[in-house]
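Chain and residue survey
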Protein chains: 2
Amino acid sequence: MSIRYISQKIAQQIDEELMSASGAFSLDQLMELAGLSCAQALSKSYSSKSHRRVMVACGPGNQGGDGLVAARHLHHFNYKPTIYLPKPGSKDIYKRLLKQCENLNIPVLKDVDQFKKGLSESDVILDAIFGFSFAPPLRKPFDEVLNAITSVDIPIVSVDIPSGWSVTDGPQPLYTEKDENGNYETIKTFEPQVLISLTAPKEGVRKFKGKHYLGGRFVPDELAKKLELNLPEYRGVDQVVELPSDSQSAKH
Amino acid sequence: MSIRYISQKIAQQIDEELMSASGAFSLDQLMELAGLSCAQALSKSYSSKSHRRVMVACGPGNQGGDGLVAARHLHHFNYKPTIYLPKPGSKDIYKRLLKQCENLNIPVLKDVDQFKKGLSESDVILDAIFGFSFAPPLRKPFDEVLNAITSVDIPIVSVDIPSGWSVTDGPQPLYTEKDENGNYETIKTFEPQVLISLTAPKEGVRKFKGKHYLGGRFVPDELAKKLELNLPEYRGVDQVVELPSDSQSAKH
């Protein structure tokens, strides 16, 4: 049986059950393991020798928190991360995670122009901007941020859902333009090379063509069974497992 | 420069600094990473094929918390853990960690006789009974527990400091007896095959002869430098690194 691509609603339900009184997980624990998975997925795809300088772009929500945890682990994995955090989340946990990164002297950028300059000095981008709670439209400064990311020629590793994609419907045009016949034409979409889905892949990434990892090796067997997630087996002590790509699974 | 073996006082200082307002770590985070290191160290030494049944013996303090986290990860790593927790700690975090294990249907034993029976059906023991805060004498039921562990012929993986050892002076006799000349003679000491030291090894394990891992890949570089810990380099995404054994380091 192949893995289930879950809706936004089921994704929320998993998080809620894990953090309920009966699930008993704290956000600190889950974010630590999620962020560690992200750092491992990046490391499996781009080595610290060839892609040492990682721009970690963080949104204001839990996705950004995963990014902050990943940045810290990437530092310990001998990468040289830089954090872009234009709108720090207000929850205490984000402040603590940011402080942990500052204690490692990881540079933190706030301004979009600094970010663009930082991008030109990076080898790979970890996109932790929007997660499964994202709903269009793109708000400032993230419209400019996504356009900047797609304008540079370095690989993108997206966390959970590529930023700007619909959790249900997948890739969305970053902007459109009238062609010569007066029809609107998609100019650009956001296309990461690597995706790390957390707990289970979301419906919108069903046709993702790049390297696809699953992370979040903490979903209890009974919850996975109840929701028919059909999760693949992880190996050894890995916190991530590679999923067959869409083109591969189409062969079956 | 060789690694520093730290005192109980320095070990406490590291924990305090990490969890201070400026260190910004939560106990949930540190315990998650520490427990994950323990599960990884066990997995590097004893495979889930040959040593599937792991008895995780947990004390009432933070050491026991590390054990509960390790048990959960061992379950996900395809081991079959059983928890022995005779005196559950009262802090909320221990209750949550225990509940997470119960949600995975990991058996939890409370009675020392159940523990002894469980030992006879185990392939390896994870000793998370006492940590660096331990001070003699051994209190009930742990005197009986340590004697039971040393009476079975299965390997022991100890967390941070082998249980019953002095953090400063190392191995302590579990009990002594008068020999034929009326002199007291050590009958038994607690000798684990594998040790996983957390953040930095403690003074008492300087002469430990078995396989020795270091875990806790989260100590900020500046703190390590300030305390002259001389930590070795971890590899790849590993959460543990093997230390040269005492006999090897004696060659230098």
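Source: prediction; values computed, not measured.

This part covers the interface of chain B and chain A. Contact residues are listed per partner, giving 36 residues for chain B and 36 residues for chain A. Buried area between chain B and chain A, summed over both chains or domains, comes out near 2900 Å², and the portion from carbon and sulfur atoms is 51%. Considering only the surface of chain B that becomes buried against chain A, Gln29(B), His76(B) and Val237(B) emerge as the three largest contributors, covering 18% of it. Where chain B meets chain A, there are zero salt bridges. Counting the contacts that link chain B with chain A gives 16 residue pairs in polar contact (both at pLDDT 80 or more). When residues of the side of chain B that touches chain A are traced back to their parent elements, those giving at least two are α2 (27-45), α3 (62-76), α4 (92-102) and α7 (221-226) of chain B. No other element matches the seven residues that α2(B) contributes to the side of chain B that touches chain A. Residue composition of the side of chain B that touches chain A, by class: 13 nonpolar, 15 polar and eight charged.

Right, let's talk about the packing of aromatic side chains for a bit. All names here are of chain A. Scanning the model with the defined rule gives 10 aromatic pairs over all chains in all. Geometrically, the ring pair formed by Tyr 84 and Phe 115 is stacked, given 4.2 Å between the ring centres and 20° between the ring planes. With a gap of 31 residues between them, Tyr 84 in strand β2 (residues 80-84) and Phe 115 in helix α5 (residues 112-119) connect regions that are remote in the sequence. The buried category is assigned to Phe 115, whose relative accessible area is 0%. Through successive ring pairs, a cluster of aromatic residues spans Phe 130, Phe 134 and Phe 142.

Quick look at the UniProt feature "binding site: K(+)" (unreviewed entry) in chain A now. Residue and element names in this part refer to chain A. Per the UniProt record, the feature "binding site: K(+)" (unreviewed entry) sits at Gln 63, Asp 127 and Ser 163. The greatest C-alpha distance among the residues just named is 10.1 Å, despite their covering 101 residues of sequence, which places them together in space. Under the relative-accessibility criterion, Gln 63 is labelled buried at 8%. Every residue in contact with Gln 63, bar those within four places of it in the chain, is listed here: Asp 127, Ala 128, Ile 129, Phe 130, Gly 131, Val 159, Asp 160 and Ile 161. Looking at where Ser 163 falls in the secondary structure, it is placed in the loop between β5 (156-159) and β6 (175-178). A polar contact of 2.4 Å, which involves the side chain of Ser 163, links it to the side chain of Asp 127.

So, on to the pattern of salt bridges. For the coordinates displayed, the defined rule picks out 20 salt bridges over all chains. The partner of Arg96(A) in a salt bridge is Asp28(A), with the nearest N and O atoms 2.9 Å apart. Taken together, the positions of Arg96(A) in helix α4 (residues 92-102) and Asp28(A) in helix α2 (residues 27-45) put the pair 68 residues apart, joining distant regions of the chain. Considered together, Arg96(A) and Asp28(A) belong to a single accessibility category, that of buried residues. Its salt-bridge partner being Arg53(B), residue Asp123(B) comes within 2.8 Å of it at the nearest N-O pair. Taken as a pair, Asp123(B) in the loop between α5 (112-119) and β4 (124-128) and Arg53(B) in strand β1 (residues 53-58) lie far apart in primary sequence, 70 residues in all. Each member of the salt-bridge network shares a partner with another, and the members are Asp28(A), Asp92(A) and Arg96(A).

Conventions and cut-offs
Residues numbered from 1 in each chain as written. Chains lettered and ligands numbered in written order. Predicted model: local features only at pLDDT ≥ 70, side-chain atom pairs only at ≥ 80, totals over all residues. Heavy atoms only, no water. Contact = heavy atoms within 4.5 Å. Buried area = accessible area lost by both parts, 1.4 Å probe. Salt bridge = Lys/Arg side-chain N within 4 Å of Asp/Glu carboxyl O. Polar contact = N/O pair within 3.5 Å; in protein donor to acceptor, adjacent residues only side chain to side chain. Helix = DSSP H or I, 4+ residues; strand = E, 2+ residues; numbered from the N terminus. Nonpolar A, V, L, I, M, F, W, Y, C, P; charged D, E, K, R; others polar. Phe/Tyr/Trp six-rings, centres within 6.5 Å; stacked < 30°, edge-to-face > 60°. Buried < 20%, exposed > 50% of the residue type's maximum accessible area, 1.4 Å probe, protein only. UniProt positions renumbered as here; feature names shortened; annotations may be inferred.

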